[in-house]
Amino acid sequence: ERLDGILSAQRFLGGEQLCWVDLRLFHCLARFEPVYMTHFKCNRRPLTSFDNLAAYTRDVYQHAAVRRSFNLRHVKVHYFSSHPVLNPFAIVPTCDGFDLAAPHGRAELFGGS
């Protein structure tokens, strides 16, 4: 909730420029619905219930270098097959969470490309 509030007033955590901390947060957020909600039972609220966090995650993902370096299939296979106590049969769910490639609208909201 706190991050959603911060991101309601600025495009990135450090202001108007994508920075290292944005990349760190992105990897946690991008994993949240497809992995953490199911695997670690972090399911009080889905990420998509936070308008700014969901749009922010899409915004960061849609930077070409980030998109090229993020492989959701690899992430899911790793998490769901590397914790046998949590998932003894290594079943990997098919759900990928929300659409990271959908329009985010943050560039228009805060200016920039």
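Just so it is clear, the model here is predicted, and its values are computed rather than measured.

Trainee: Teacher, can you tell me more about the overall build of the chain here?
Mentor: Counting its regular elements, the chain contains six helices and zero strands. Tracing the chain from N to C terminus, the helices and strands come up as α-α-α-α-α-α. Rg of the C-alpha trace for the chain: 15 Å, near the compact-globule value of 13 Å for 113 residues, within the 12% margin. Projecting the C-alpha coordinates of the chain onto the three principal axes gives extents of approximately 45 × 30 × 25 Å. Per-residue burial for the chain yields a buried fraction of 39% across its 113 residues. Relative to all contacts within the chain whose residues are 6 or more apart in sequence, the contacts with residues 24 or more apart total 71%. Counting only carbon and sulfur atoms, one obtains 57% of the accessible surface of the chain, whose full area is about 6,800 Å². When the 13 basic and 10 acidic side-chain charges of the chain are each reduced to a single mean position, those positions are 8 Å apart.

Trainee: How should I be thinking about helix α2 (residues 20-39) in this particular structure?
Mentor: The α-helix advances 3.6 residues per turn, and as a result positions three or four apart in sequence lie on the same side. Counted at 1.5 Å a residue, the expected span for α2 with its 20 residues is 28 Å, and the 27 Å between its end C-alpha atoms agrees. Maximum bend of α2: about 75°, positioned at Phe-32, with proline Pro-34 one to four residues after it. Immediately beyond the C-terminal end of α2, within one or two residues, lies Lys-41, with a positive phi of roughly 60°.

Trainee: For this particular structure, what's the right way to read helix α5 (residues 72-81)?
Mentor: All of the buried residues in α5 are Leu-72, Val-75, Lys-76, Tyr-79 and Phe-80. Looking down the long axis of α5, one finds its buried residues gathered within 110° of arc, a one-sided arrangement. Counted as exposed and oriented over 90 degrees from the buried face of α5: Arg-73 and His-74. A side-chain oxygen of the first residue of α5 lies 3.1 Å from the backbone nitrogen of Arg-73; this N-cap is Asn-71.

The rules behind each value
Sequence order sets the numbering: in each chain, residues are counted from 1 along the sequence as written. Only residues with pLDDT of at least 70 are given local features in this predicted model, and only at 80 or more are side-chain atom pairs given and counted; all residues enter the totals for whole chains, interfaces and linings. As a rule here, side-chain values come from all non-hydrogen atoms in the structure, and water together with hydrogens is ignored. What counts as a helix is a DSSP run of H or I of at least four residues, what counts as a strand is a run of E of at least two, and both are numbered from the N terminus. Our radius of gyration looks at C-alpha atoms and nothing else; its globule reference is 2.2 Å times the residue count to the power 0.38. Each residue is assigned to one of three classes by its accessible area relative to the maximum for its type, calculated with a 1.4 Å probe on protein chains only: buried under 20%, partly exposed between the two thresholds, exposed over 50%. We call two residues contacting when some pair of their heavy atoms lies within 4.5 Å. Residue-level accessible areas treat just the shown protein chains as cover; the underlying method is Shrake-Rupley with a 1.4 Å probe. Counting rule for charge: Lys and Arg are taken as positive, Asp and Glu as negative, and neither His nor the chain ends is counted. Each charge is placed at NZ for Lys, CZ for Arg, CG for Asp and CD for Glu. What a helix is expected to span follows from its residue count: subtract one and scale by 1.5 Å. One axis fitted to the seven residues ending at a residue, another fitted to the seven starting there: the angle between these axes is the bend at that residue. Note: the arc covers the axis-to-C-beta directions of the helix. Pairing of N or O atoms within 3.5 Å defines a polar contact, subject to two protein rules: one partner must be a possible hydrogen donor and the other a possible acceptor, and residues neighboring in sequence count only if both atoms are side-chain atoms.

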